[in-house]
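# Observations on the model geometry
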Protein chains: 2
Amino acid sequence: MSPDRPTLTATPHNVGVDAAVAAARRVVTALLHAGDGSAAAMAEVASRLTAVAEHLEEHAPTRDERLVDMWAGEGVTRHDPVTGPENAVAPPLPLSGLPDGSIQGTVTLGLPYQGPPGCVHGGVSALLLDHTLGVANHWAGDSGMTGTLTLRYHRPTPLFEELTVRARQVSVEGRKIRTTGEILAGDAVCVSAEGLFVNKHLPRPR
Amino acid sequence: MSPDRPTLTATPHNVGVDAAVAAARRVVTALLHAGDGSAAAMAEVASRLTAVAEHLEEHAPTRDERLVDMWAGEGVTRHDPVTGPENAVAPPLPLSGLPDGSIQGTVTLGLPYQGPPGCVHGGVSALLLDHTLGVANHWAGDSGMTGTLTLRYHRPTPLFEELTVRARQVSVEGRKIRTTGEILAGDAVCVSAEGLFVNKHLPRPR
């Protein structure tokens, strides 16, 4: 993190649940790479993963306790499916604020995010952009919930290559917020997004 | 599967990689429920998951071999991030064809898919709808890649409740395909989608 590029997403720790989630992400990817014809003993893998799940479930708080806990504090979320170090569904995508008021991050996506052969799933691009537009709103000061999101797919988005995801708030009129963003491979825009957000927030669990 | 509602997505097996992936999904969810304040010994969990990942990686084919293998055959995909039994990122969402030409499925989403407190992430709804619109196109006979996707968020989509995801192809004009879909909680439409698809396909890896 540099002083003129503040980090806007949770930074993964190399210990605790973050380290366990990073290992779970590696398992998710490795299972897709292995496939059904794999020489790996899948019954044994299933049994070992089930044992881990049972251990975690035995020591977990109740769902309501956990929901209160995960929404406590005023910092960035650690659990969301795009940037969350505690969520193995998230690649995760780190995002930083730029001096011009926009935000940006880079990510390389693997097999779990595949749509067309060798390319990122169009819905995954939508997921990344919806979230990034939301973080751009937070960074700009006025944020809210997605009202309308329009995605334009200009060219296939490659897997296994570094992608840039960026977004910026365009305007705020009353409660309506307009925000745009793109996913780029190199200098080429693969997907662009335009979002209309409404300045309202759901209450946090208590 | 009933004769008038053909299944349009891969059916998870209770053995092999599907069973291992189901267990991995349970681990992903359990890690989010546990959180960083958990009493579970996370260093031990990380170590056990890393050992599983290493075992799988040792026995996996090369990436190119795997890409050819996962795109072989003419059936439904088993690896995508929405319906794929081999992908722990996928909830997974099963989809069936209805006699009227539309398609539909039900799914209940947990913590890995959270956006606002207790609600489905707007980008996850976009992911589910983009994929479901694509399957509706396959079912109707003319399919292609997403050109434009517009999502309207009508009300928050609840976690932990059964949701219905449905879609139908509306028109085909030349290479342009129009498709719509919705996510419902009970009878209430939470998110609606309109997609413009272009009838082209990327070559499969060989």
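Residues numbered from 1 in each chain as written. Chains lettered and ligands numbered in written order. Predicted model: local features only at pLDDT ≥ 70, side-chain atom pairs only at ≥ 80, totals over all residues. Heavy atoms only, no water.

### What to know about the sheet that holds strand E1 (residues 96-97) of chain B
To keep things clear, this is the line we draw: One requirement defines pairing of two strands: DSSP has to find at least two bridges between them. Secondary structure is summarised from DSSP: a helix means a run of H or I of at least four residues, a strand means a run of E of at least two, and numbering begins at the N terminus for each. Residue contacts are defined here by distance: any two heavy atoms, one from each residue, within 4.5 Å place the two residues in contact. With axes taken as lines fitted to C-alpha atoms, and helix axes fitted only over the stretch in contact, angles between N-to-C directions fall between 0 and 180 degrees.
Taking strand neighbours across the sheet as the criterion, the twelve strands line up as E1(A)-E2(A)-E4(A)-E5(A)-E6(A)-E3(A)-E3(B)-E6(B)-E5(B)-E4(B)-E2(B)-E1(B) in an open arrangement whose pairing is antiparallel. Single-partner strands in this sheet number two, and they are strand E1 (96-97) of chain A together with E1 of chain B. As judged from the eight bridges shared by strand E3 (residues 145-153) of chain A and strand E6 (residues 188-198) of chain A, these two strands associate in the antiparallel manner. Paired with Thr146(A) across the bridge in E6(A) is Phe197(A). Helix-sheet contacts for helix H4 (residues 122-140) of chain A involve E1, strand E2 (103-108), E3, strand E4 (162-173), strand E5 (176-185) and E6 of chain A, and the interaxial angle to E4(A) is about 50°.

### Observations regarding the UniProt feature "domain: Thioesterase" (unreviewed entry) in chain A
Applicable threshold: UniProt positions are given in the numbering used here, feature names are shortened, and annotations may be inferred rather than shown by experiment.
Those residues carrying the UniProt feature "domain: Thioesterase" (unreviewed entry) are residues 118-187 of chain A in this numbering. Helix makes up 27% of residues 118-187 of chain A and strand 44%, with an end-to-end C-alpha separation of 19 Å.

### Focus on the relation of the copies chain A and chain B
The relation between the two copies of this chain is a rotation about an axis and a shift parallel to it. As a reminder, the rule being used: To line up the copies, we fit them by least squares on C-alpha atoms, keeping just the residues with pLDDT of at least 70 in both.
With an RMSD of 0.0 Å, the operation that places chain A on chain B is a rotation of 180° combined with a shift of 0.0 Å along the axis. In the structure described here, the two chain copies are related by an operation that fits a two-fold rotation axis. For chain A, the residue whose C-alpha comes nearest the rotation axis is Thr150(A), separated from it by 2.1 Å. Comparing interface residues between copies, 100% of those in chain A also sit at the interface in chain B, which points to an isologous, same-surface contact.

### Notes on the side chain of Glu182(B)
Residues and elements named next belong to chain B. What counts is decided by this rule: Pairs of N or O atoms are called polar contacts if they sit within 3.5 Å, as long as, within protein, a hydrogen donor faces a hydrogen acceptor (for residues adjacent in sequence, only side-chain-to-side-chain pairs).
Examined against the element boundaries, Glu182 turns out to sit in strand E5 (residues 176-185). Side chain to side chain, Glu182 and Arg166 meet in a polar contact 2.8 Å long. Side-chain polar atoms of Glu182 contact the side chain of Arg168, separated by 3.0 Å.

### Thoughts on unusual backbone geometry
All names here are of chain A. Cis geometry is found at the peptide bond from Pro91 to Pro92, where omega equals -10°. Here the phi dihedral of Phe160 falls at roughly 65°; this positive angle occurs in a residue that is not glycine. As for its placement among the helices and strands, Phe160 is situated in the loop between E3 and E4.

### Some details on the pattern of salt bridges
Where side chains of opposite charge bring their charged atoms close, a pairing between them can arise. Our working definition: Any carboxyl oxygen of Asp or Glu within 4 Å of a side-chain nitrogen of Lys or Arg constitutes a salt bridge here. The rule is simple: take the accessible area with a 1.4 Å probe, protein chains only, and divide by the maximum for that residue type; under 20% is buried, over 50% is exposed, in between is partly exposed.
Enumeration over the complete set of coordinates arrives at 18 salt bridges over all chains. A salt bridge links Glu54(A) to Arg26(B), with the nearest nitrogen and oxygen atoms 4.0 Å apart. Taken as a pair, Glu54(A) in helix H2 (residues 42-59) and Arg26(B) in helix H1 (residues 16-34) lie in two separate chains rather than in one. Residue Arg26(B) is classed as partly exposed on the basis of its relative accessible area of 32%.

### As for the packing of helix H1 (residues 16-34) of chain A against H1(B)
The criterion, for reference: Should an angle fall under 35 degrees it is taken as roughly parallel, and over 145 as roughly antiparallel, whereas 65 to 115 is taken as roughly perpendicular and any remaining angle as oblique. By definition, any crossing whose near helix is turned counterclockwise from its far helix by less than a right angle is left-handed, and any crossing with a clockwise turn is right-handed.
The interhelical angle for the contact between H1(A) and H1(B), taken along N-to-C directions, is 160°, at an axis separation of 10 Å. The pairing of H1(A) with H1(B) is recorded here as roughly antiparallel in orientation. For the crossing formed where H1(A) meets H1(B), the hand is left-handed. Together, Val17(A), Ala20(A), Val21(A), Ala24(A), Val27(A), Val28(A) and Leu31(A) of H1(A) and Val17(B), Ala20(B), Val21(B), Ala24(B), Val27(B), Val28(B) and Leu31(B) of H1(B) make up the contact between the two elements.

### Some points on the interface of chain A and chain B
Test applied: Summed over both partners, the accessible surface that disappears when two parts come together, traced with a 1.4 Å probe, is what is meant by buried area. Gly is put with the polar residues, along with every residue not named as nonpolar or charged; the nonpolar set is Ala, Val, Leu, Ile, Met, Phe, Trp, Tyr, Cys and Pro, and the charged set is Asp, Glu, Lys and Arg.
Across the contact, 82 residues belong to chain A and 82 residues belong to chain B. Buried surface at the junction of chain A and chain B, summed over both partners, amounts to about 7200 Å²; 69% is from carbon and sulfur atoms. Three residues stand out in chain A for area buried against chain B, namely Arg26(A), Leu56(A) and Pro117(A), and they jointly supply 9% of the buried area on that side. Along the contact surface separating chain A from chain B lie 17 residue pairs in polar contact (both at pLDDT 80 or more). Broken down by secondary-structure element, the contributors of at least two residues to the side of chain A that touches chain B are H1, H2, helix H3 (63-70), H4 and E3 of chain A. When residues in the side of chain A that touches chain B are grouped by element, the largest group, 15 residues, is from H1(A). A breakdown of the residues in the side of chain A that touches chain B according to their chemical character gives 49 nonpolar, 21 polar and twelve charged.

### Side note on the side chain of Glu86(B)
By the element assignment, Glu86(B) lies in the loop between helix H3 (63-70) and E1. Looking at Glu86(B), the relative accessible area reads 5%, which means it is buried. Dropping the residues within four chain positions of it, Glu86(B) is found in contact with Leu32(A), Gly35(A), Asp36(A), Val17(B), Asp18(B), Val21(B), Arg66(B), Arg78(B) and His79(B).

### Structural notes on the packing of aromatic side chains
Any aromatic ring pair is given by two values, namely how distant the centres are and how the planes are angled relative to each other. Where we set the bar: Side-chain rings of Phe, Tyr and Trp (the six-membered ring for Trp) are treated as a pair once their centres are within 6.5 Å; stacked means planes under 30 degrees apart, edge-to-face means over 60, and tilted covers the remaining angles. Any Lys NZ or Arg CZ found within 6 Å of a ring centre and within 35 degrees of that ring's normal is scored as a charge over the ring.
Taken as a whole, this structure holds zero aromatic pairs over all chains when the rule is applied. The lysine or arginine in question, Arg63(A), covers the ring of Phe160(B), its NZ or CZ lying 3.5 Å from the ring centre.

### What about the nonpolar core?
As a reminder, the rule being used: Only buried residues count toward a nonpolar core, which is a set of Ala, Val, Leu, Ile, Met, Phe, Trp, Tyr and Cys residues joined through side-chain atoms within 4.5 Å.
One finds Leu109(A), Leu128(A), Leu151(A), Leu109(B), Leu128(B), Leu129(B) and Leu151(B) to be the most contacted residues of the largest nonpolar core, which totals 72 residues. Aside from chain neighbours lying at most four places away, what touches Leu129(B) is Leu151(B), Val165(B), Gly181(B), Glu182(B), Ile183(B), Val191(B), Ser192(B) and Ala193(B). Of all hydrophobic cores here, the second largest spans 40 residues; its members include Val27(A), Ala46(A), Val45(B) and Ala53(B).

### Points about H3(B)
Side chains that are three or four residues apart share a direction in an α-helix, a result of its 3.6 residues per turn. Definition in use: Here the arc refers to the set of directions running from the helix axis out to each C-beta atom.
All buried positions along H3(B) are accounted for by Arg66(B), Leu67(B) and Met70(B). Angular distribution of buried residues about the axis of H3(B) spans 100°; they occupy a single face of the element. On its buried face, H3(B) sits against H1 of chain A.

### Regarding the pairing of strand E2 (residues 103-108) of chain B
Residues and elements named next belong to chain B. With burial as the criterion, only one face of E2 is covered, namely that bearing Ile103, Gly105 and Val107; the residues Gln104, Thr106 and Thr108 on the opposite face remain uncovered. Inspection of the sheet shows E1 paired to E2 by two bridges, in the antiparallel sense. Looking at E2, one finds that Gly97 is bridged to Ile103. Between E1 and E2, which follow one another and run antiparallel, lie five residues, and Gly101 among them has a positive phi close to 95°. Here E2 pairs with strand E4 (residues 162-173) via six bridges, running antiparallel. Note on E4: the bridge partner recorded for Thr106 is Thr164.

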